[in-house]
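# Coordinate inspection notes
Chain by chain, the residues:
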Amino acid sequence: MGATTSDAEPRAEAVLEIDGMTCASCVARVEKRLERLDGVSASVNLATESARVDYPSGLDAAALIAAVREAGYDARVRERTAHPHAGPHDGHASSSHGGHVHDVEDRPGATRLTTRLLISAVLAVPVVLLGMIPPWQFPGWQWVSFVLAVPVVLWGGWPFHRATFANARHGAMTMDTLITLGTGAATLWSVWALFFGSAGRVGMRHDGGLFAPVHDPSSLVYFEVAAAVTVLLLLGRVIEQRSKRAAGAAVRALMDLSARDVELEDGRRVPIEALGVGDLFVVRPGEKVATDGVVRSGRASVDESMITGESIPVDVDAGSSVTGGTIATDGRLVVEATSVGEDTRLARLARLVEDAQAGKSRVQRLADRISGIFVPIVILLSVLTLLAWLVVGGFSGEALASGFTAAVAVLIIACPCALGLATPIAILVGTGRGAQLGVLITGPEALEAADRIDTVVLDKTGTVTEGAMTVDAVTPIGGADADEVRRLVGSLEEASEHPIARAVAALATAPQEVGEFTGHAGLGVTGIVDGHRVFAGRPAFARAQAPGSGADVISAVDAAVYAAQRRGATAIVAGWDDRVRGVVVVADSVRRDSARTVAALESLGLNLVLLTGDNAGAARAVADAVGIREVVSGVLPEGKVAEIERLRAGGHRVAMVGDGVNDAAALATADLGIAMGSGTDAAMHASDIAVTGSGLSPVLTAIGLSRRTMRIIRGNLFWAFAYNVAALPLAAFGVLNPMIAGAAMAFSSVFVVLNSLRLRR
């Protein structure tokens, strides 16, 4: 870290978007370069191609960009929308929360890489066919290959070459280095053979013999090897980009929940950026609460499901706190803003998600992890091969040609085509099969995490339960007819937009017309149905509407309400003509396959935890119904993150399964985040795996498929490395000429593909 600064010195924060990073060594290099600046602390994230930098406010943000460029990468400050009521650091670049969030998918580089792959593939296919099938080698075919292959190697492979040169400036070697050397050697040899050897002779053909001695090495060209390696590795890079592009989507989905404009108390409608702390604003039925605040007047039911995850609205009145992004389902509120912009709860939740994503362990592929050893060894072996041939051959011209041929074969046989494909091809097949099964996997990190988890944390609402209120029971009171209760109360609730009312409305198979309908915000509803004055709502509200109910009726109501509350359900007391006639119990029902899936997950040796923002009674009732022993209830989004972190600190590898905005930060914090397909965009984007379809059972499919895909990847990597270890000596001793080395390299890629295709079964 940079030199320490005074605690009193004002600080600023910037998010830099960085281009050109390809591996973990790039991340370390950028962080190290930034932290050489006095007082600067940086956290670089390869997945989002960004760096969050904390720095003294007196430091020009241009110095941060200059530091990144000195490390060999390009950078720009992520812009934000200025807020007129922002804090003292308003003049400095800051994080994107509360302002514009840059879309990784809109970056020109992402589109350019796909274009580069498609054009390179079109050019490379005829080169590979001509080089690998001797009967198709018409007179002059080698010159056609030259014209088609050189753009593929130079332009198509430029992302690899650029990384090679950047790493070389800092004395580092990666798989990009080997790609550049392998394709470069094959291309340069081929160009030399065309112009200065005998390979340019019209009518020349390649011999297809496996171990045939090469009497004239200058007659061989390897354009097909260079082109094939470039295209196949570009394919791997594009597959990686797919998961990178979605990395910033979780934060964007969260910020999309906030209101775009707001109505002030004086009737003016202004952009949300114009709202300041202390301003009074109006929230009407169906509108979003613009920002965090305190209700000054009015009463309403507020749907907080996007924050708490619970489907039952919360009743608020004067003095109650409300959260920006929540929705008033009924009633009118006047709210005083207490937090705006980046200080709101929604913005803090977005920061939690982004911080968790930045801090996640993005494990590099095995090929990259050992490249620091493998690449220098291959290069050294290639040089030693050339020197050995020269020494044995007495430094003759023939020895030089044969030695160079063997050295090129070493580089080509070691070129990491199979290594580069081992993971992305298995992921491509595995994710394709997963999509057929309703499982969407983001990338190798998700697969590795799924293979190691030992604890599964399940959100309650929308995950273990259906996430939608339904009528659980109708209890007639005082001798009333149950069908009459359903008909009249269901008809009355048909006129209301309240989420609980919509569930009760389903009781009426043929709804009656409602007259004089009145909604009492946060309490209940009244109206005239079929000549009766009908009411429904909270127990206290219902008693006030039913002065004619006797003590025995009130006692029966209290018993029914208490029984519903004990199992976490909601009781609506209803009646007509001044008397209570029934209690309608509404609950979020448990998914039909939840108990079976919980048992199956436990049979895999996984620990199960139910984690919910709901009350202890409701949580315990659901846990008992599905067979989960450990329950953590009454937690807000921050509490869910803390619980995940507590489990991880205890040595557990944790998978989090959820569906709401309130789960997004926990999904991103866990070693493996699994989002239910019925969930919010924020949850889906913050997760590593998303499951579609109904029920909890796809979670079991996701874990099983991920583990099998990981086994295939390990097998691919093992055989790819074993192939290199076995083939390198053959190439060094001249047993395999470079053309056959290229064919062997291609075969190793075919093996990896065929092995990966087993996942389709």
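The text that follows walks through the structure, step by step, so that each part is easy to find.

Procedures and definitions
Residues numbered from 1 in each chain as written. Predicted model: local features only at pLDDT ≥ 70, side-chain atom pairs only at ≥ 80, totals over all residues. Heavy atoms only, no water. Helix = DSSP H or I, 4+ residues; strand = E, 2+ residues; numbered from the N terminus. Contact = heavy atoms within 4.5 Å. Axes fitted to C-alpha atoms, helices over the stretch in contact; angles between N-to-C directions. Parallel < 35°, antiparallel > 145°, perpendicular 65-115°, else oblique. Nonpolar A, V, L, I, M, F, W, Y, C, P; charged D, E, K, R; others polar. Patch = residues over 30% accessible without salt bridge, like charges linked within 9 Å, V, L, I, M, F, W, Y side chains within 5 Å. Areas by Shrake-Rupley, 256 points an atom, 1.4 Å probe, with all protein chains shown as cover. Salt bridge = Lys/Arg side-chain N within 4 Å of Asp/Glu carboxyl O. Buried < 20%, exposed > 50% of the residue type's maximum accessible area, 1.4 Å probe, protein only. Phe/Tyr/Trp six-rings, centres within 6.5 Å; stacked < 30°, edge-to-face > 60°. Lys NZ or Arg CZ within 6 Å of the ring centre and 35° of its normal. Arc of directions from axis to C-beta. Pairing = 2+ DSSP bridges. Core = buried A, V, L, I, M, F, W, Y, C linked by side-chain atoms within 4.5 Å. Domains from an automatic or database assignment.

### Quick notes on the side chain of Gln142
Tracing the sequence through the fold places Gln142 in helix α4 (residues 141-156). Once residues within four sequence positions are removed from consideration, Gln142 is found in contact with Leu194, Ala199, Gly200, Arg201, Val202, Met204, Val221 and Phe223.

### Considerations on the packing of α4 against helix α5 (residues 158-169)
At a closest axis distance of 6 Å, the pairing of α4 and α5 adopts a crossing angle of 45 degrees. Taken together, α4 and α5 sit at an angle that is classed as oblique. Two secondary-structure elements touch here, α4 through Val153, Leu154, Trp155 and Gly156 and α5 through Trp158, Pro159 and His161. Classifying every residue of the contact of α4 with α5 by side-chain character gives 5 nonpolar, 2 polar and no charged.

### So, a nonpolar patch on the surface
There is a patch of nonpolar side chains on the surface, built from Leu380, Val383, Leu384 and Leu387 and spanning about 360 Å² of accessible area. The exposure class of Val383 is partly exposed, given its relative accessible area of 43%.

### A look at the packing of aromatic side chains
Overall, the coordinates contain 7 aromatic pairs when judged by the stated rule. Note on Trp158 and Phe165: the rings are 6.1 Å apart at their centroids and 55 degrees apart in plane angle, and the pair reads as tilted. Measuring from centroid to centroid gives 5.3 Å for Trp189 and Trp192, while their planes differ by 45 degrees, and the two rings are tilted. Taken together, the positions of Trp189 and Trp192, both in helix α6 (residues 175-196) and 3 residues apart, correspond to about one turn of that helix. On the accessibility criterion, Trp189 (4% relative accessible area) is buried. What makes Trp192 partly exposed here is its relative accessible area of 39%. Members of the aromatic cluster, connected to one another through ring pairs, are Trp143, Phe146, Phe195 and Phe223. Above the ring of Trp155, the side-chain terminus of Arg116 is found at 4.9 Å from the ring centroid.

### What about helix α21 (residues 594-603)?
All of the buried residues in α21 are Ser594, Thr597, Val598 and Leu601. Taken down its axis, α21 places every buried residue within 100 degrees of arc, on the same side. Across from the buried face of α21, at angles greater than 90 degrees, the exposed residues are Arg596 and Ser603. On its buried face, α21 is in contact with β15 (455-459), α16 (460-464), β21 (579-590), β22 (607-611), α22 (616-626) and α26 (697-732). Remark: Gly605 follows α21 within two positions and exhibits a positive phi of approximately 85 degrees.

### Overview of the environment of Val295
Along the chain, Val295 turns up in strand β8 (residues 293-298). According to the relative accessible area criterion, Val295 is buried, its value standing at 0%. Discounting chain neighbours no more than four positions away, the residues touching Val295 are Val316, Asp317, Ala318, Gly319, Ser320, Val322, Leu333, Val334 and Val335.

### Overview of the sheet that holds strand β12 (residues 327-328)
Read across the sheet, 3 strands follow the order β10-β9-β12 without closing on themselves; strand pairing throughout is antiparallel. Either end of the sheet is taken by a strand with one partner, and the two such strands are β10 (314-316) and β12. As judged from the 3 bridges shared by strand β9 (residues 300-303) and β10, these two strands associate in the antiparallel manner. The partner of Ser301 across the bridge, within β10, is Asp315.

### So, the nonpolar core
If you look at soluble globular proteins, the nonpolar side chains tend to sit buried side by side. Judged by nonpolar contacts, the single largest core of 40 residues is most densely connected at Val456, Leu458, Leu672 and Ile689. At 8 residues, the largest contribution of residues to this core is made by α26. In this structure, this core is formed jointly by two domains, domain 4 (344-440 + 700-760) and domain 5 (441-465 + 590-699), each of which donates at least three residues. Not counting chain neighbours up to four residues away, the residues in contact with Val456 comprise Leu606, Asn607, Leu608, Val609, Ala655, Val657 and Ile703. Grouped together as the second largest cluster of nonpolar side chains are 31 residues, Ala149, Ala186, Val221 and Val408 included.

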